[in-house]
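Structural description and commentary
One-letter residues, chain by chain:
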Amino acid sequence: MSLSPEAYTSLLDEAATKVQSILEATPSLAKPRVMIICGSGLGGIANILHSEPKVEVQYKDIPGFKVSTVPGHAGKLIFGLIGANKVPVMCMVGRLHFYEGYTFQETTFPVRLAKKLQAETVVVTNAAGGVREGLVPGDLMLIDDHINFPGLAGYHPLRGPNLEEFGPRFQPLSDAYDLDLRRLFLTKARKDLGITRKIYEGTYTFVAGPTFESRAEVRMIRNFGGDAVGMSTVPEVIVARHSGLRVLALSLITNAGVADKPPSAFEENPKPLDEGMASHDEVLEAANEASKDVQKIIEATINEL
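Residues numbered from 1 in each chain as written. Predicted model: local features only at pLDDT ≥ 70, side-chain atom pairs only at ≥ 80, totals over all residues. Heavy atoms only, no water.

Thoughts on the UniProt feature "binding site: a purine D-ribonucleoside" (unreviewed entry) in the protein
Stated precisely, the cut-off is as follows: UniProt positions are given in the numbering used here, feature names are shortened, and annotations may be inferred rather than shown by experiment. A helix here means a DSSP run of H or I that spans at least four residues, while a strand means a run of E at least two residues long, and both kinds are numbered starting from the N terminus. Only protein chains enter the accessibility calculation, which uses a 1.4 Å probe. A residue is then buried if its area is under 20% of the maximum for its type, exposed if over 50%, and partly exposed in between. Between two residues, a contact is recorded if the distance between any of their heavy atoms is within 4.5 Å.
As annotated by UniProt and renumbered to match this structure, "binding site: a purine D-ribonucleoside" (unreviewed entry) occupies Glu213 and Asn255. In sequence the annotated residues extend across 43 residues, while in space they remain close, none of their C-alpha pairs exceeding 11.4 Å. Of note, glutamate 213 is situated in the loop between strand S7 (199-206) and helix H6 (215-224). Residue glutamate 213 is classed as partly exposed on the basis of its relative accessible area, which comes to 21%. Those residues in contact with glutamate 213, other than ones at most four positions away along the chain, are Val207, Val218, Ile221 and Val229. Mapped onto the elements of the fold, asparagine 255 is located in strand S9 (residues 246-256).

What follows is the structure in structure tokens.
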């Protein structure tokens, strides 16, 4: 059930007051410049924060926050500093998903909280299935556009009364994925760090989940222009842009979508039906293998913000 704008804003204020009271003893962390959202298997991004000062806050201790129920999502905010420039950040280790039964108002609550805490930029990561031919597990894809299937069908994070305090009724999204941030990411990865892992740009397709896509759905998404597919990110990006935050979004390809037609019952020796089938364990394994490169690039990028 959605809250009224007044009740929602009041809850945000309560959450911000709670977090600020926790951070009072650590002034250098009180105004995070960047919010980082860690995707499935990418909670290790929190390891790039300096060991001191660091403050951890469990989701359950923040008014209005829901608890993450997905394996690989720890469910806590970590406030700390990144890089030689000691950039203050708010790291969300474990996101909230629509498929968990939460409303978009609830899944995007952390982004609004980051805005209340005076963040300027959101770095969003996710584990995604490769739809474009050639994308394989371990590849990185900077998101430069998206397709919001639930949004097009009416399940949109800005549906309902507009929160005028944050942004306009009709939010443009043609500039959702900041070009300068994408260029900075690539410069840091290629020139400064010498990362050889394949990095692409492409369109991320948001679907509700929690099932992985059928073969026909993978073909449809490919025909619609989607390069990767996942069950998160887009609602957070939309709310971030509505709140005036800059966005850098990255997909780690953790499985390749199966697009071939299923084996026919008329075939004498058909391929196994489960050949290439995705699993959450596969997602976490692929994310773990690539996480060190992702951490290095994000650390170098945020150090410049």
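Now that the structure has been shown, we can carry on.
Brief notes about the layout of surface pockets
Worth spelling out the cut-off: Buried and open spaces are told apart on a 1 Å grid over the protein atoms alone, a cavity being a set of points where a 1.4 Å probe fits but cannot get out and a pocket being an open set with protein on both sides within 12 Å along at least five of seven lines. Residues with an atom within 4 Å of a point are the lining residues. Grid points are joined across faces, edges and corners, and a volume is the space filled by probe spheres set on the points. Residue type decides the class: Asp, Glu, Lys and Arg count as charged, Ala, Val, Leu, Ile, Met, Phe, Trp, Tyr, Cys and Pro as nonpolar, and the leftover types, Gly among them, as polar.
One number sums up the size of the largest pocket: a volume of about 450 Å³. Lining the largest pocket are 22 residues; nearest its centre among them are Ser2, Gln105, His156, Pro157 and Arg159. Within the residue set of the lining of the largest pocket, elements represented by two or more residues are helix H1 (5-23) and helix H2 (104-107). Class assignment for the residues of the lining of the largest pocket results in ten nonpolar, nine polar and three charged.

Quick notes on empty space enclosed by the protein
Evaluated as defined, the whole model comprises one cavity of 30 Å³ or more. If you trace the largest cavity, you find it lined by Leu96, His97, Phe98, Phe104, Thr107, Thr108, Phe206, Met231, Ser232, Thr233, Pro235 and Glu236. A class-by-class count of the residues in the lining of the largest cavity yields six nonpolar, five polar and one charged.

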